[in-house]
Amino acid sequence: MSRVMPVLVVLLGIVALWYGAAVAMNAPWARDQAARAGTPLSTGQLIAATMVQERPVLPAPHQVAKGLWDGIAGQKITSKRSLVWHGWITLSATLAGFAIGALAGAALAVAIVHSRVMDLSIMPWAIASQTVPILAIAPMVIVVFASAGVTGLVPKAMISAWLSFFPVLVGMVKGFRTPDRMQLDQMHSWSASRAQAFFLLRLPSSLPYLFASLKVAVAAALVGTIVGELPAGATAGLGARLLSGSYYGQTIQIWSALFAAAGLAAVLVALIGLIERVVLKRMGLAR
Amino acid sequence: MTRYGEGGARPGALILGLAVLVLVLAANRWWPGSGLLLFVWLAGWAVNSRLAHYEGPISAMLVPLIFGATLLASWEIACASFAIPPVILPAPSAIGAAFAANLPLLWGDFVQTILKGALSGWLIGAALAVAVAVLIDRSPFLQRGLLPIGNFVAALPIVGIAPILVMWFGFDWQSKAAVVVIMVFFPILVNMVAGLKATDALARDQIATWSASYAQALVKLRLPSAMPFLFNGLKITTTLALIGAIVAEFFGSPTRGMGFRISTSVGQLNLALVWAEILVAALAGTAFYGIVALIEKRVTFWHPSQRG
Amino acid sequence: EDKLPLTVQLKWVTQAQFDGYYVAKDKGFYDEEDLNVTIKPGGPDIAPVQVLAGGGADVVVEWMPAALAAREKGLAIVNIAQPFKKSGMMLTCRKDTGIKSPADFKGKTLGVWFSGNEYPFLSWMNHLGLKTDGGPEGVTVLKQGFNVDPLLQKQADCISTMTYNEYGQVLDAGLKPEDLITFKYDEQGVSTLEDGLYVLEPTLQDKDKVTALVRFVRATMKGFEYAAAHPDEAAAIVLENDETGAQTEAHQRRMAEEVAKLTEGSTGKLDVADYQRTVDTLLSGGSDPVITRTPDPGFIATVITDRAFD
Amino acid sequence: MSVIEAKGVSLTFQTADGPVHALKDVNLSINKGDFVSFIGPSGCGKTTFLRTMAALERPTAGTLSVNGMTPDQARKSRAYGYVFQAPGLYPWRTIARNISLPLEIMGFSKPDREARIARVLELVELAGFGGKYPWQLSGGMQQRASIARALAFDAEILLMDEPFGALDEIVRDRLNEALLELWAKTGKTIGFVTHSIPEAVYLSTRIVVMSPRPGRISRVIESTLPRERPLEIRDTPEFIRIAHEVREGLREGHSYD
Amino acid sequence: MSVIEAKGVSLTFQTADGPVHALKDVNLSINKGDFVSFIGPSGCGKTTFLRTMAALERPTAGTLSVNGMTPDQARKSRAYGYVFQAPGLYPWRTIARNISLPLEIMGFSKPDREARIARVLELVELAGFGGKYPWQLSGGMQQRASIARALAFDAEILLMDEPFGALDEIVRDRLNEALLELWAKTGKTIGFVTHSIPEAVYLSTRIVVMSPRPGRISRVIESTLPRERPLEIRDTPEFIRIAHEVREGLREGHSYD
Ligand SMILES: Nc1ncnc2c1ncn2[C@@H]1O[C@H](COP(=O)(O)OP(=O)(O)OP(=O)(O)O)[C@@H](O)[C@H]1O
Ligand SMILES: Nc1ncnc2c1ncn2[C@@H]1O[C@H](COP(=O)(O)OP(=O)(O)OP(=O)(O)O)[C@@H](O)[C@H]1O
Ligand SMILES: Cc1ncc(C[n+]2csc(CCO)c2C)c(N)n1
Ligand SMILES: [Mg+2]
Ligand SMILES: [Mg+2]
């Protein structure tokens, strides 16, 4: 109860604001249309007109809700119009990409805290790699993979891994360097090997950073997949859905896909939050 | 400060050299061009392992440069020896030529996209995220109410919001900044919330005995101890901000900007210019990250990770 | 069994613009020719020429300016057939902006597609003597996104539309034809050739591929003919093949009808006059031309259409 | 007039492997200007009791009042100066600015702050170290800095948890004297945890001996020494008698387990 | 036969506001089986010297050898058990698992580990607290846990930095006895920092008095007490004489500043 209430209240506030914004943003078009038709609108009629447009600047909440409902519950989940179907395609590539990215990020971080050569040579290039606009090279990546005969989930997952490895890398490098002097000295006085100092000290003390990074990374992985879905021939997945909605000006379809994607991200983030709580509790860190 | 346990092993250099030579020749036989590639890599790595033993700013500059040179050399070699068509991947030399030939154009795009779009969006997004993190931290009600919804809103994928924001904020840099705000908000928020929770118990008790007001505890204790986390978020988002600003231009823009140039040049198959823009993005991103990292070093000098 | 395989990369997402291919596949025209055709939908991020160069497809649907640009960049790309005779590109303006003729463009904001599609526009402005740098003596150019919002939101006075697609969307959004004024590139004498079929030169050395291409072009043209005659059925077939589930039937039906007007009069063979007009338009494209010299004759290969139709 | 009044105070921590009775039915009344030492085996609840007085823990049973208010109200009126068992200096502030922190919070003016910082640094023999960061100081120096911080503002009640544990005998003697002087001059009420019997006897007007499991008060010894105490008082028979009594009390506590 | 041999050891820290001379020309030779105490005012370099012996700092001048090896080689051969001045327990491990940590690192078998943990917990009087987390223990209990951790594996050289600072007299006495017993039985070499003069005299075969700014050895006092030492030895004239000498040395150091 005490967990649901605040969410509901805030949600209610947002919905109210949203309706207000929808009226304000959609009104010019409604007024225009009326003016062209030569039938002036009363305020009531105007507000009603802003709620039902087919291509609103900002769709009203209930329009999006209906779009979502149609997309999720209104179709067989194997239908091409089902958001569940598209969501699943996106989710599978996201999870694959996230797994690859998180592992790669963590592995690079390990290498960086242990080797000065790696620290000096990798870090600047890892940063540079993230500034390459993926949407620009994604088509080339897809083309290169396709010419090597690799299509489907893998190229998308690579792009999502590309985006998600960086937050993990940065967070883990920080986390692995968090143990203080005395703790490292202790390890040192026991002549612990690097591996031992890593698993027994650096890794546990990096966990708060790790989880914060993983949350960011999983959201980034989803964005990566969606971006990867555009040049993959815009056939399936939430990204394709977004794009085709955008291309055909179907505002409500865009918003539904958008919410489905954000919902997916929120679920993934919440899942990691859950794992975080369980892990920290089992380690005695959550008091 | 003393360091311990460093000093690399020095195996028999001659044997190693011979082994490398054999490996290189064998590889080249089996796959022409790959031998040279392998050689470049091994040589670069060998030089770097040596250099890394010298502490100080010079080796810290040289090592990444040599690594980068190795990368570029192998790219050039690969383009030449595997006959990669330039409409798929141009060689670094061609990219360099395009870069040098288009400096004024690249500068104009840089100003439009990075300075106007990315930077302003990043600043606004970061300020918003910090403010919301503090709000959330202040009120358990908001924490339960806003954080899940915040997660949700902030996870909206860029390709979905960009067209909407272009529709709302127009074609110029304002809509790009808006995209950047939304993109950088979440990572900074998550890190900042974690940072505000990370103060140690003793310090919290102390400040309680002084009966500090909420604002005082925030300013004097919690914000400083959240700084390492905040900078974590700020660093991650420097690159996100660039991506956001560039990609948003794909969805509508005036006839300048890095994203505009990239998408237009792809259509013209002027891939060298595309990569020259990517080069600008990489340089700008690295500099941006570097500046934030430098500020971090100054602000969180006390954190074990900075004390070395 | 041993059908000849062939992969074709489309320029855009699955829609009735490409109904000829989908109809040929669905109606078994490719089967009749013993072909096994894979159709890859495109999208705004796909440069078919790149896919071709990367070996992702045997044959691509592309607009001629992009193909010419690639040729000049050293990619041995060749036109083997030209299903679209006319250009569907036009500029659509709101009447309430006061624009009545191209002379009124001065000082206005115009939405233009880039990525290689801007050249006919630049050439046109060059003819009109208008600068495109945003100054008061010229026009302000916006890089238009995928949709028609800039016109609806009054962010632009005119936007680029295709007769078969975006124009319909403008109407769907609630504007009436009488609220709008349109300028077809064809009628302004600056049109360039659109959907054509292109392959790489080495493909034409491969006898099996040539055979496959001959059959492919023949069956495809049959598909376009059928689609022109049965737009409703063509639209249904396209809808069937759309994996995103985004298209609406009404829109696709209208698109099929409009596309029929563009393929009308094409036998599949490239008309040399059309080709020459395209090259001339592009060569007069202003300050930053997409091509700088007349392409070499190797750009056009008539072998396929010759063998297909004679 | 009693400043602190504990009636039947109990505190139980719930831990994964069962409850820990840190305090059990503690009754104590401390008068204004008293110097009360707490002594007892490690883990008997001294820190917990001090924390409860300062409103850092809430008793699970019983009541505690400070100046007739709840401890929390007293805390809000800034009645406490607290020296914790660990130094707990902020790593991002120099020693001087660490000491300055509570002064800033309480709104002292800048010149006043500077004067106070100089005075207390002098007092704990750290003059010249104001510009150093905590991690650049030795353990004992950090502990002294933390004492300086609690002394810098004039709280009515001073709670000190083993403040001199990490100091050598000579500095410790000097600081003991300084503390007594301060106490005499200001009439503060002081709660003081120590493990040193002579220190407890030398400083206090009253010595509270605690014993563990569950933590409770086993003896309260009133000092019969005069308020004026030169260091030599430690050789008087009276001093030795009281010290003996405290030791007895301590031993009793230990024999329990 | 000397185990530790320091020749002209100096160590200077570079800080933002100038260099700090933590150690200056320190010469000392410690024999196998010696029990050496270090005593001196806070900040005189005791911790720094202990750290240097354990290869946690590198001298800026002079040489140090341990068993004829460099300190770093000795460290790699796991010659040291080190008790730090602050407990430094890992918050994510229970007390038992904290003690287990170095044993895991050194590859002791599981039953062996468990036996050792039980033994040292008993020794420091923390039996029954193995399952608690560090933050559930009092300051003194944490300190004892950290001692237990250093005793759990049998290092040849034991370096202890104020291990008993946070303990009451009675526990301290008991632990002093236990330490002497352990030392007698195993013949370890022990370096021990303390602020308590009686403790130093009671435990050591040699007492090193240090003085600050710059940190150096001002006196080395050889104990003439027998190896066998009941607690009552502290009342003998010999004991009191040595204690006096140490106090003199300390006072000297203090008068320097
Ligand atoms: N947060 C906590 N959770 C659980 N148990 C706790 C907690 N804090 C203290 N305890 C327990 O309460 C008891 C009393 O602890 P306290 O810190 O008050 O002892 P102390 O008398 O100050 O000891 P010392 O002289 O060693 O500092 C101990 O047994 C300890 O384990
Ligand atoms: N990391 C450091 N950086 C700079 N100065 C340091 C550092 N560590 C110690 N010092 C300085 O070196 C001197 C000796 O410190 P050390 O910790 O050895 O003293 P100590 O004898 O152990 O004192 P205590 O009894 O208070 O623990 C001190 O003046 C201290 O300020
Ligand atoms: C980003 C982008 N926007 C528009 C076009 C132009 N275009 C080429 S094919 C096609 C289909 C028409 O229905 C359209 C609109 C493009 N190439 N790239
Ligand atoms: Mg305590
Ligand atoms: Mg010390």
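Residues numbered from 1 in each chain as written. Chains lettered and ligands numbered in written order. Predicted model: local features only at pLDDT ≥ 70, side-chain atom pairs only at ≥ 80, totals over all residues. Heavy atoms only, no water.

Note the cut-off: UniProt positions are given in the numbering used here, feature names are shortened, and annotations may be inferred rather than shown by experiment.
Looking at an unreviewed UniProt entry, one finds chain D named ATP-binding cassette domain-containing protein, with Paracoccus limosus as its source organism. Here chain D is described in UniProt, under the heading Sequence similarities (unreviewed entry), as follows: "Belongs to the ABC transporter superfamily."

Looking at an unreviewed UniProt entry, chain A carries the name ABC transporter permease subunit, with the source organism given as Paracoccus limosus. Taken verbatim from the UniProt record of chain A, the Sequence similarities (unreviewed entry) comment is "Belongs to the binding-protein-dependent transport system permease family." UniProt's Subcellular location (unreviewed entry) comment on chain A is quoted here verbatim: "Cell membrane".

A word on the overall build of chain A
Counted only if it meets this: Elements are defined by DSSP. Helices are runs of H or I of four residues or more, strands are runs of E of two residues or more, and each kind is numbered from the N terminus. Radius of gyration means the value over C-alpha atoms here, while the globule rule gives 2.2 Å times the residue count to the 0.38 power. With a 1.4 Å probe rolled over the protein chains alone, any residue whose accessible area is under 20% of its type maximum counts as buried; one over 50% counts as exposed, and the rest are partly exposed. Working convention for charge: Lys and Arg count positive, Asp and Glu count negative, and His plus the chain ends are omitted. The atoms used to mark charge sites are NZ of Lys, CZ of Arg, CG of Asp and CD of Glu.
Helices and strands together make up the secondary structure of chain A, namely 11 helices and 0 strands. Listing the helices and strands of chain A from first to last along the sequence gives α-α-α-α-α-α-α-α-α-α-α. A compact globule built from 287 residues should have a C-alpha radius of gyration of about 19 Å, whereas chain A, at 24 Å, is more than 25% larger. Across its three principal axes, chain A shows a C-alpha extent of roughly 85 × 55 × 35 Å. Counting across all 287 residues of chain A, residues that qualify as buried make up 59%. Averaging the locations of the 21 positively and 8 negatively charged side chains of chain A gives two centres separated by 4 Å.

Observations concerning the site of ligand 3
In plain terms, the rule: The nearness test applies per residue and asks whether one of its heavy atoms lies within 4 Å of the molecule or strand. A 3.5 Å cut-off defines polar contacts: any pair of N or O atoms within that distance qualifies, except that in protein one atom must be a possible hydrogen donor and the other a possible acceptor, and neighbouring residues in sequence count only when both atoms are side-chain atoms. Surface accessibility in these figures is a Shrake-Rupley result with a 1.4 Å probe; residues are shielded only by whichever protein chains are displayed. Lining residues are defined by having an atom within 4 Å of a point belonging to a cavity or pocket. Those points lie on a 1 Å grid over the protein atoms alone, cavities being sets where a 1.4 Å probe fits but cannot get out and pockets being open sets with protein on both sides within 12 Å along at least five of seven lines. By definition, a pocket or cavity contains a molecule when more than half of the molecule's atoms lie within 2 Å of the pocket's grid points. By the convention adopted, Pro, Cys, Tyr, Trp, Phe, Met, Ile, Leu, Val and Ala count as nonpolar, Lys, Arg, Asp and Glu as charged, and the other residues, Gly among them, as polar.
Around ligand 3, the structure places 13 residues, and the nearest of them are Tyr247(A), Gln15(C), Trp113(C), Asn117(C) and Asn165(C). At a separation of 2.9 Å, an oxygen atom of ligand 3 approaches a polar side-chain atom of Asn165(C). Within the complex, 96% of the 430 Å² of free accessible area of ligand 3 lies under protein. The site holding ligand 3 turns out to be the largest cavity. Of the residues assigned to the shell around ligand 3, the class counts are 7 nonpolar, 4 polar and 2 charged.

With respect to unusual backbone geometry
Omega for the peptide link from Arg213(D) to Pro214(D) comes to -10°, which places this bond in the cis form. One can find Pro214(D) in the loop between β8 (206–211) and β9 (216–222). Phi is positive for Glu125(E), close to 60°, though the residue is something other than glycine. Residue placement: Glu125(E) occurs in the loop between α4 (110–123) and α5 (139–152).

With respect to the coordination of the magnesium ion (ligand 4)
Residue and element names in this part refer to chain D. To keep it simple, the criterion reads: Note on donors: an N, O or S atom is included if it sits within 2.8 Å of the metal, or within 3.2 Å for Na, K and Ca, and water is never included, so sites can look incomplete.
The coordination sphere of the magnesium ion (ligand 4) contains the protein donors Thr47 (OG1) and Gln85 (OE1), at a distance range of 1.9 to 2.3 Å. Residue Thr47 is located in helix α1 (residues 46–53), and its partner Gln85 is located in the loop between β5 (80–83) and α3 (95–105); the two are separated by 38 residues in the primary sequence. Judged by relative accessible area, which is 24%, Gln85 ranks as partly exposed.

Comments concerning the packing of helix α9 (residues 194–229) of chain A against helix α8 (residues 173–197) of chain B
Here is the rule we go by: In this analysis, axes come from line fits to C-alpha atoms, helices being fitted only over the stretch in contact, and the angle between any two N-to-C directions falls in the range 0 to 180 degrees. Each angle gets one of four labels, with under 35 degrees taken as roughly parallel, over 145 as roughly antiparallel, 65 to 115 as roughly perpendicular, and the rest as oblique. By definition, any crossing whose near helix is turned counterclockwise from its far helix by less than a right angle is left-handed, and any crossing with a clockwise turn is right-handed. Any two residues whose heavy atoms approach within 4.5 Å at even a single point are treated as in contact.
For the pair α9(A) and α8(B), the least separation of the axes is 9 Å and the interaxial angle reads 165°. One way to sum up the angle between α9(A) and α8(B) is to call them roughly antiparallel. At the point where α9(A) passes α8(B), the crossing takes the right-handed sense. Facing Ala212(A), Lys215(A), Val216(A) and Ala219(A) of α9(A), the residues of α8(B) in contact are Phe186(B), Pro187(B), Val190(B) and Asn191(B). Its residues assigned to classes, the contact of α9(A) with α8(B) shows 6 nonpolar, 1 polar and 1 charged.

Notes on the site of ligand 1
In the vicinity of ligand 1, 21 residues are found, and the nearest of them are Thr47(D), Thr48(D), Gln136(E), Ser138(E) and Gly140(E). Within the backbone of Gly45(D), a nitrogen or oxygen atom sits 2.9 Å from an oxygen atom of ligand 1. Between Ser138(E) and ligand 1, the recorded distance is 2.6 Å, taken from a side-chain N or O atom to an oxygen atom. Surface burial for ligand 1 is 90%, taken as the share of its 640 Å² of free accessible area covered by protein chains. Those elements giving two or more residues to the shell around ligand 1 turn out to be β1 (2–15), β2 (18–31) and α1 of chain D together with α5 of chain E.

Comments concerning the UniProt feature "domain: ABC transporter" (unreviewed entry) in chain D
As annotated in UniProt, the feature "domain: ABC transporter" (unreviewed entry) corresponds to residues 4–237 of chain D in the numbering used here. The span residues 4–237 of chain D shows a helical share of 34% and a strand share of 27%, and its end C-alpha atoms are spaced 31 Å apart.

Comments concerning the domain arrangement of chain A
All names here are of chain A. Our working definition: Domain borders in the structure are assigned automatically or taken from a domain database. Buried area is calculated as the accessible area (1.4 Å probe) missing from two parts once they are joined, with the contributions of both summed.
According to the domain assignment, chain A consists of domain 1 (4–58) and domain 2 (83–282). Taken together, the 7 residues of domain 1 in the interface contact 6 residues of domain 2. Around 440 Å² of area is buried between domain 1 and domain 2 when both sides are counted, 63% of it from carbon and sulfur atoms. In this structure, the connection of domain 1 to domain 2 is made through 0 residue pairs in polar contact (both at pLDDT 80 or more). A breakdown of the residues in the side of domain 1 that touches domain 2 according to their chemical character gives 4 nonpolar, 1 polar and 2 charged.

Section: the sheet that holds β2(D)
Residues and elements named next belong to chain D. Note the following rule: At least two bridges found by DSSP between two strands are what make those strands a pair.
Judged by pairing direction, the sheet is antiparallel, and its 3 strands sit side by side in the order β2-β1-β4 without closing on themselves. Taken across any chain shown, the strands that pair with only one partner, and hence form the sheet edges, are β2 and β4 (61–66). Adjacent strand axes in the sheet meet at a mean angle of 20° when their direction is disregarded. Pairing geometry for β1 and β2, over 10 bridges, is antiparallel. Within β2, the position partnered with Val9 by the bridge is Val26. Of the strands in this sheet, β1, β2 and β4 touch α1, which is tilted by about 60° from β2.

Topic: the UniProt feature "transmembrane region" (unreviewed entry) in chain A
All names here are of chain A. The UniProt feature table records "transmembrane region" (unreviewed entry) at residues 88–113, 125–147, 153–173, 209–232 and 252–275. End C-alpha atoms of residues 88–113 are separated by 37 Å, and the span's content is 100% helix alongside 0% strand. What you have in residues 252–275 is 100% helix and 0% strand, and the ends, taken at the C-alpha atoms, are 34 Å apart.

Notes on the interface of chain B and chain A
So the rule is basically this: Salt bridges, as used here, are contacts in which a Lys or Arg side-chain nitrogen is within 4 Å of a carboxyl oxygen on Asp or Glu.
Every contact between the two is made by 68 residues of chain B and, on the other side, 69 residues of chain A. Buried surface at the junction of chain B and chain A, summed over both partners, amounts to about 5800 Å²; 81% is from carbon and sulfur atoms. Summed over the shared surface of chain B and chain A, the number is 1 salt bridge. When residues of the side of chain B that touches chain A are traced back to their parent elements, those giving at least two are α2 (34–51), α3 (57–81), α6 (140–154), α7 (158–169), α8, α10 (214–248), α12 (271–299) and α13 (304–307) of chain B. A breakdown of the residues in the side of chain B that touches chain A according to their chemical character gives 48 nonpolar, 16 polar and 4 charged.

Concerning α5(E)
Residue and element names in this part refer to chain E. Put simply, the test is: Expected helix span is given by 1.5 Å per residue-to-residue step, counting one fewer step than there are residues.
Along its 14 residues, α5 runs 20 Å from first to last C-alpha, staying within 8% of the 20 Å computed at 1.5 Å per residue. Across the 14 residues that make up α5, a large majority, 12, are buried. Along α5, the positions that sit buried rather than exposed are Gly140, Met141, Gln143, Arg144, Ala145, Ser146, Ile147, Ala148, Arg149, Ala150, Leu151 and Ala152.

Regarding the packing of aromatic side chains
What counts is decided by this rule: Any pair of Phe, Tyr and Trp rings, taking the six-membered ring for Trp, is counted once the centres come within 6.5 Å. Such a pair is stacked with planes under 30 degrees apart, edge-to-face with planes over 60 apart, and tilted for the rest. Our definition puts a charge over a ring when NZ of Lys or CZ of Arg is within 6 Å of the ring centre and also within 35 degrees of the ring normal.
Throughout the structure, instances matching the rule amount to 38 aromatic pairs over all chains. Here Phe35(D) and Phe192(D) contribute two aromatic rings whose centre-to-centre distance is 5.7 Å and whose plane-to-plane angle is 50°, an arrangement assigned as tilted. Taken together, the positions of Phe35(D) in strand β3 (residues 35–39) and Phe192(D) in strand β7 (residues 189–193) put the pair 157 residues apart, joining distant regions of the chain. Among the aromatic residues, ring-to-ring pairing joins Phe18(C), Tyr21(C), Tyr30(C), Phe84(C), Phe216(C) and Phe224(C) into one connected group. Geometry around Phe29(C) places Lys222(C) over its ring, the cationic atom sitting 4.7 Å from the centre. Against the face of Tyr202(D) rests Arg234(D), its NZ or CZ located 5.7 Å from the ring centre.

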